[in-house]
Amino acid sequence: MSLELDDRQRAMLAEMGVRVWQPRVARPVPDDAAPPEPVTAQAVAEPPVARPQAAPAPAMRTPVPAPAPAAPVPVRAATEARRPMGIENMSWPALEAAVAGCTACKLCERRRNTVFGVGQPPALPGAAPRADWMIIGEAPGENEDLQGEPFVGQAGRLLDNMLRAMGLARDRNVFIANVLKCRPPGNRNPEPEEVAQCEPYLMRQVELVQPRVILAMGRFAVQSLLRTQEPIGRLRGRPHQYQGVPVIVTYHPAYLLRNLPDKAKAWADLCLAMSLMDAAGAEGGGAAR
Ligand code: URA
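Report on the accompanying structure. What you see is a predicted model; the values in this text were computed from it and never measured.

Considering the packing of aromatic side chains
(1) Moving on: Within the structure shown, the criterion is met by three aromatic pairs.
(2) Moving on: Summarising the aromatic geometry, the rings of Trp92 and Phe175 are spaced 5.1 Å apart at their centres and angled 90 degrees between planes, so their arrangement reads as edge-to-face. In this pair, Trp92 sits in helix α2 (residues 92-100) while Phe175 sits in strand β6 (residues 174-178), placing the two residues 83 residues apart along the sequence. Like Phe175, Trp92 is buried.
(3) Moving on: An aromatic cluster of three or more residues is present, and its members are Trp92, Phe116 and Phe175.

Here it is as structure tokens:
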């Protein structure tokens with residue numbers, strides 16, 4: 001395996017807190033000097049694999065500005081009012097409209113935007129945005145609620161760097177979504193009832209995006225996808241399953257911003273996810289679909 005790192009990868013590894021031994025810069029050698037000893041590069045962690053870069057495409061933002069809740073969606077029952085029926089069969093646009101108009105829990109009362117997700121634009125208008133990778137976080141925060149797009153704050157910048165190190169971008173072969181589509185006030189933790197109400201949307205997103213690997217980020221995403229109370233530390237390092245899709249568990253970018261030493265563990269999780277993707281046969285570890 002080549003250990004050559006380009007500037008971007010070096011910057012990313014620095015960002016992730018992974019230290020890399022670099023070859024010494026070769027000095028010009030006088031003609032009469034003995035040839036220098038060869039110097040080999042050695043990474044302390046698995047280096048990122050160089051992946052083909054595609055021309056940047058505009059991100060498919062899927063925020064739906066404050067929806068007209070008028071879409072005539074049938075409701076289930078009085079107790080589950082206003083979460084539409086038939087989510088499990090919805091097309092992508094119908095699902096997006098259903099989320100935009102959802103009033104199934106009290107989070108709808110204070111949201112400015114629903115946050116459906118962001119990813120590679122679909123091949124055809126109205127089709128689902130297929131992607132090899134799906135990143136699942138917790139819930140929109142203040143910035144996401146304002147902009148209608150997941151991970152646009154400081155944690156989002158770290159996520160973008162992590163994706164870049166994997167040869168990905170939020171508009172390339174990735175779909176990013178949250179467990180909750182609406183912001184919990186004051187960024188409090190999601191409540192079980194809110195997670196339960198929102199889950200069918202995420203399930204349908206996973207079915208339609210058809211990822212080969214899911215990266216679950218943070219305790220809430222991990223515990224609600226895997227239906228467990230185990231801490232992340234005990235779940236890392238091996239694949240789990242969600243709807244038949246392999247899930248790799250890692251720390252939330254917001255947590256990593258506060259716990260810098262764990263960035264190296266997160267990098268190890270990304271490497272595991274990339275090797276799983278390679279094993280799944282995706283081109284370039286998932287660089288294009
Ligand atoms: N944290 C999340 O889990 N999701 C976001 O979209 C933003 C912050």
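So that's the structure; there's more coming.
Let's talk about the state of the cysteines
(1) Moving on: According to the stated counting rule, one finds zero disulfides in the structure shown.
(2) Moving on: In this model Cys102 remains outside any disulfide bridge; the closest cysteine sulfur is found in Cys198, 6.4 Å from its own.
(3) Moving on: Counting only cysteine sulfurs, Cys182 is the nearest neighbor of Cys198, a cysteine outside any disulfide, at a range of 6.2 Å.

Looking at the site of the ligand
(1) Moving on: Surveying the vicinity of the ligand reveals the residues Gly137, Glu138, Ala139, Glu144, Pro150, Phe151, Asn178 and His252.
(2) Moving on: Contacts to the ligand include Asn178, whose side-chain N or O atom sits 2.8 Å from a nitrogen atom.
(3) Moving on: A distance of 2.7 Å is found between an oxygen atom of the ligand and a side-chain nitrogen or oxygen belonging to His252.
(4) Moving on: Within the complex, the protein chains bury 90% of what would otherwise be the 230 Å² of accessible surface of the ligand.
(5) Moving on: For the shell around the ligand, a count of residues per class yields three nonpolar, three polar and two charged.

Rules used in this analysis
- Think of each chain on its own: its residues are numbered from 1, step by step along the sequence as written.
- Under the rules for a predicted model, residues below a pLDDT of 70 receive no local features and side-chain atom pairs below 80 are neither given nor counted, while totals for whole chains, interfaces and linings still include all residues.
- Water and hydrogen atoms were dropped before computing side-chain values, which therefore reflect all heavy atoms in the structure.
- Note on aromatic pairs: the rings of Phe, Tyr and Trp (six-membered ring only in Trp) are paired at centre separations within 6.5 Å, and the planes decide the class, stacked below 30 degrees, edge-to-face beyond 60, tilted for the rest.
- Where helices and strands are cited, they refer to DSSP runs of H or I of at least four residues and of E of at least two residues respectively, numbered from the N terminus.
- Each residue is assigned to one of three classes by its accessible area relative to the maximum for its type, calculated with a 1.4 Å probe on protein chains only: buried under 20%, partly exposed between the two thresholds, exposed over 50%.
- By definition, disulfides here are pairs of cysteine sulfur atoms that lie within 2.5 Å.
- Here a residue is near a molecule or strand as soon as one of its heavy atoms is found within 4 Å of it.
- Counting of polar contacts relies on pairs of N or O atoms within 3.5 Å, with two restrictions inside protein: one atom must be capable of donating a hydrogen and the other of accepting it, and residues adjacent in sequence are counted only when both atoms are side-chain atoms.
- Exposure was quantified through the Shrake-Rupley algorithm and a 1.4 Å probe, taking into account, for residues, occlusion by the shown protein chains and nothing else.
- Charged means Asp, Glu, Lys or Arg here, nonpolar means Ala, Val, Leu, Ile, Met, Phe, Trp, Tyr, Cys or Pro, and polar covers whatever is left, Gly included.

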